[in-house]
Each structure stands twice: as C-alpha cells, then as structure tokens.
Amino acid sequence: MRALAHPTRIDLLELVAREGELTATQAAQRLGLTPGNCSFHLRQLAKYGFLEEGPPRPGRSRPWRVGSVRHSWEGVGADAETNAAASALTSVVLERDLARLREWLAREASADPAWRRAAFLTESLLYLTRDELAELGREITERVLEYSDRIDPSLRPEGAAPVQALLIGFPLPPTTTGN
C-alpha cells in the first residue's frame, strides 16, 4: 500500500499501463516531472511488484512495464496503522476516480456519440444478503478481468480506448427508524 500511497506513483502506474512500456524520461515528459523523480518512483513501484523492467534498449535507456494488473487491499486489517493506510489509499484512489467521472460528465455532451452511447452509469438500491453481495462482486470482477490481458498493447483490438470502470457495492447503515 505504501508503494501506491503517493499520487505520482498512481499516475506513473497508470501511464505505464496505458503506454505499455516507458522510460523514466518518457514518463517525466508526459507528466511534467523530472526524470530523476520518475526514476525514483518507478523503482519504488518495481520494488513492490507493480512494475518490472522491460527488455533492454540500446544505451542506458531503462524501460518499465506493468508487473501486476490487479490490486486489492481490502481486508488487510493487520493493525490500526495498516487499516489507516488502507483507508487513506482507498480515499485517494476513489477521489481520483470520482474526479475522472466528473470530468467525463463535463465533456460527455461533446464526446463521440458512439462512446456516449457505450458509456454507462448505474446506481441502484438493492436488498442483498452478505453472500449475495459477495457473489455479485465476484461475478462482476470476473467479467471485468476478462479484459485485463489488454494491458499488453499488442492484445488491444482496433478502436480500443482506456476506460475507467468503477464498480462498488457496500451495505448502507440502517435508517434512524430501524427499517
């Protein structure tokens, strides 16, 4: 979790995932940072298995590629400090995702009509048991993971674009009347 706790690392991880492979210099140019700063954060991401070195290139160029496509930190609960770190990381990631949703909503009207029709936003109040909620989460996750190999640019079909999928299911607190 600490490897992802820095906003630059989250940006770098996504950038490498989108581009397939990048050097620190290339990442720095795209993110408006210094190569040294990017190199440090790329190494930190590699230290924890999020990134790995790509095939060598001529000269001193050191490319990085995604090492892990799925990240989860729910249920870590080892101690109060770990719980606080997990909660903080979840908040950072969720705020980033919500900012992207707001940005999409602001530009949706001018977006390509086919992409507008393909995009979705669903909000539902469901009544589920714990087991049903867990099963729904597993089924949705399995379906989403069917596309995870496309992190490799060579496996992306013509016309594929990066898409943010934010899928959440959680129990609501009881109402004040107990209903």
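Residues numbered from 1 in each chain as written. Predicted model: local features only at pLDDT ≥ 70, side-chain atom pairs only at ≥ 80, totals over all residues. Heavy atoms only, no water.

Q: Could you give an account of the overall build of the protein, naming the residues involved and the relevant values?
A: Helix and strand content of the protein: six helices and two strands. Along its sequence from the N terminus, the protein presents helices and strands in the succession α-α-α-β-β-α-α-α. Referenced to the eigenvectors of the C-alpha coordinate spread, the extents of the protein come out at roughly 70 × 50 × 30 Å. For the protein, the residues scored as buried account for 19% of the 179 residues in total. Expressed as a percentage of contacts within the protein between residues at least 6 apart in sequence, the contacts between residues at least 24 apart total 53%. Across the protein, the 22 positively charged side chains and the 24 negatively charged ones have centroids separated by 7 Å. (Helix = DSSP H or I, 4+ residues; strand = E, 2+ residues; numbered from the N terminus. Buried < 20%, exposed > 50% of the residue type's maximum accessible area, 1.4 Å probe, protein only. Contact = heavy atoms within 4.5 Å. Lys, Arg positive; Asp, Glu negative; His and termini not counted. Charge placed at Lys NZ, Arg CZ, Asp CG, Glu CD.)

Q: Requested: an account of the pattern of salt bridges, with residues and values cited.
A: On inspection of all chains with the given rule, the structure shows ten salt bridges. The salt bridge involving aspartate 11 is made with arginine 96; its shortest N-O contact spans 2.9 Å. With aspartate 11 in helix α1 (residues 7–19) and arginine 96 in helix α4 (residues 80–107), this residue pair connects regions lying 85 residues apart in the sequence. The exposure class of aspartate 11 is partly exposed, given its relative accessible area of 31%. A salt bridge links glutamate 103 to arginine 107; the nearest nitrogen and oxygen atoms lie 2.3 Å apart. Taken as a pair, glutamate 103 and arginine 107 lie in helix α4 at a separation of four residues, close to a single helical turn. In this structure glutamate 103 comes out as partly exposed when scored by relative accessible area, which is 41%. One continuous salt-bridge network, built from bridges that share partners, spans Asp11, Glu14, Arg18, Arg96 and Arg100. (Salt bridge = Lys/Arg side-chain N within 4 Å of Asp/Glu carboxyl O.)

Q: A description of the confidence of the model for the protein should follow, citing residues and the corresponding values.
A: Per-chain confidence: the protein averages 88 in pLDDT, with 91% of residues scoring 70 or above. At the level of individual helices and strands, the protein shows its lowest average pLDDT in α4, which scores 86, and its highest in helix α5 (residues 113–118), which scores 96. (pLDDT = per-residue confidence, 0-100.)

Q: Mind laying out the packing of α1 against α4, listing which residues take part and the relevant values?
A: As a packed pair, α1 and α4 sit with axes 11 Å apart at the nearest point and diverge in direction by 60°. Our classification of the angle between α1 and α4 gives oblique. Regarding α1 and α4, the two cross each other, and that crossing is right-handed. Of the residues in α4, those touching α1 at Ile10, Asp11 and Glu14 are Leu89, Val92, Val93, Arg96 and Arg100. Looking at the contact of α1 with α4, its residues break down into four nonpolar, no polar and four charged. (Axes fitted to C-alpha atoms, helices over the stretch in contact; angles between N-to-C directions. Parallel < 35°, antiparallel > 145°, perpendicular 65-115°, else oblique. Left-handed = near helix turned anticlockwise from the far one by under 90°. Nonpolar A, V, L, I, M, F, W, Y, C, P; charged D, E, K, R; others polar.)

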